[in-house]
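What the coordinates show
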Amino acid sequence: MACSAPVIVVGVGRSGTSLLQSMLSSHSDLAFPPETSFFRRFLITGILAEALNLGGQADAVRLLNRDRKFRRAGFLGEALVKKAQGVGCSSRNLYLSLLELYAQRESKSRYGDKDPRLVEYLPVVWEVFPAAHVVHMVRDPRDVLASKKKATWSKGKGVLRHVFASRVQFKIGQHDGACRTDKEYRELIYEDLLSDPDVELKKLCDWVGLKYEPAMLSFSGAARSLVSREELSWKRETLGPLLSGNWNKWKVDLSDWEVALTEIACSQHFNGGRYMRSGRIRELTLVGKLSVYVVWLGLVALDPIYRSYRAYTVRRARKYL
């Protein structure tokens, strides 16, 4: 099965991955299916490989066809099985079939995929796509928290969970990206994309081997085909126009305690100088300051435990490919 160098967009949730997906999907040569999380939910978990092993193609088709997110791509499982027949009906080849069928339907020569949480599984991505171009979207973690506190899917999950996710996912992605060449991994700053979209998109197109097209800035049409009805409440901004000043919302939307915790817990975002600490911790009472450091120490203790668990799941996923 033919496999070119796909463009894979990852990053902490609410970091602008949907915006970039819409922009890239507006290119005449690059197709992105709606977000199905197929790779992470079906390949990495082994659920699709297990269905194929136990019940064959019929069970795999039933598994896919009853999945609401998979149906967003507009195909039935039978189409993927038929496409993969010539090379073997493995879970990996069914995923490649999905991407290739979608690109064919869009009359485009290249394909990509977008799943923010694949930032935790980059070694598996390169296992499937050795030549993949991985774009890691990076956004101010304070604005990420402010956005997650509002989005329907995330607002009930708690501040500590969101701060920890920003901390650990950024570190995992950056660590795994550092093990690859500059042609395979690239970080794109969300705020840079908003302030100079044509400049950043030109550099990105050159990086992946595409000619820049100004139509990429008119991304609302692509966004409408990528965003499902239930996602509109938190992805509406991708429908355009570009919100060039969509940052620093945290200054109003977060408490001093939340800002202080994020700045300490997500220190890797700030140590490089890209984002500046606000010093809001000085506004807290002594008890408030102590509570920030106690929570921070708890997150620090959880960090290696979570990263070890994720490394284990990455190793386990390889046997399903």
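Anything mentioned here points back to the structure above.
The text that follows walks through the structure, step by step, so that each part is easy to find. (Residues numbered from 1 in each chain as written. Predicted model: local features only at pLDDT ≥ 70, side-chain atom pairs only at ≥ 80, totals over all residues. Heavy atoms only, no water.)

**Quick word on the packing of helix α7 (residues 141-148) against helix α14 (residues 256-265)**
Between two packed helices, the angle of one axis relative to the other and the distance separating the axes together describe the packing. Where α7 contacts α14, the two axes come as close as 9 Å, and the packing angle between them is 130 degrees. Judged on the interaxial angle alone, α14 and α7 are oblique. With respect to the hand of their crossing, α7 and α14 are arranged in right-handed fashion. Where α7 abuts α14, its residues P141, R142 and L145 lie against E258, V259, T262 and E263. Considering only residue class, the contact of α7 with α14 consists of three nonpolar, one polar and three charged. (Axes fitted to C-alpha atoms, helices over the stretch in contact; angles between N-to-C directions. Helix = DSSP H or I, 4+ residues; strand = E, 2+ residues; numbered from the N terminus. Parallel < 35°, antiparallel > 145°, perpendicular 65-115°, else oblique. Left-handed = near helix turned anticlockwise from the far one by under 90°. Contact = heavy atoms within 4.5 Å. Nonpolar A, V, L, I, M, F, W, Y, C, P; charged D, E, K, R; others polar.)

**Considering the nonpolar core**
If you look at the biggest cluster of nonpolar residues, it comprises 46 residues, and the most contacted ones within it are F38, F39, L80 and F129. Elements supplying a minimum of two residues to this core: β1 (7-11), α2 (38-44), α3 (47-65), α4 (77-84), α5 (91-105), α6 (122-128) and α16 (286-317). The dominant element in this core, judged by the number of residues it contributes, is α5, at eight residues. With 25 residues, the next largest nonpolar core counts L145, V163, I189 and F270 among its residues. (Core = buried A, V, L, I, M, F, W, Y, C linked by side-chain atoms within 4.5 Å. Buried < 20%, exposed > 50% of the residue type's maximum accessible area, 1.4 Å probe, protein only.)

**Concerning the packing of aromatic side chains**
Scanning the entire structure with this criterion turns up nine aromatic pairs. Plain terms: the ring middles of F38 and Y95 are 5.6 Å apart, the flat faces sit at 20 degrees to each other, and that makes the pair stacked. With F38 in helix α2 and Y95 in helix α5, this residue pair connects regions lying 57 residues apart in the sequence. On the basis of relative accessible area, F38 is assigned to the buried category, the value being 0%. Classification of Y95 as buried rests on a relative accessible area of 0%. Taking the centre distance of 6.2 Å and the plane angle of 80 degrees together, the rings of Y293 and W296 count as edge-to-face. One end of the pair is Y293 and the other is W296, both in helix α16 and three residues apart, which spans about a single turn. (Phe/Tyr/Trp six-rings, centres within 6.5 Å; stacked < 30°, edge-to-face > 60°.)

**Description of unusual backbone geometry**
Positioned with a positive phi, R14 is a non-glycine residue whose angle comes to about 70 degrees. Relative to the elements of secondary structure, R14 occurs in the loop between β1 and α1 (17-25). Phi is positive for S107, which is not a glycine, with a value near 55 degrees. Tracing the backbone shows S107 in the loop between α5 and β3 (110-114).

**Regarding α5**
Look at α5: 21 Å from first C-alpha to last across 15 residues, which is about the 21 Å you get at 1.5 Å a residue. A large share of α5 lies buried, amounting to twelve of its 15 residues. Listed as buried for α5 are S91, N93, L94, Y95, L96, S97, L98, L99, E100, L101, Y102 and A103. Immediately downstream of α5, the backbone of S107 shows phi near 55 degrees, a positive value. (Expected span 1.5 Å × (residues − 1).)

**Considering the packing of α1 against helix α10 (residues 197-208)**
Between α1 and α10, the shortest axis-to-axis distance is 12 Å and the interhelical angle comes to 70 degrees. Taken as axis vectors, α1 and α10 run roughly perpendicular relative to one another. Our pair here, α1 against α10, has a crossing hand that is right-handed. In contact with L20, M23 and L24 of α1, α10 contributes P197, L201 and L204. When grouped by side-chain class, the residues that make up the contact of α1 with α10 number six nonpolar, no polar and no charged.

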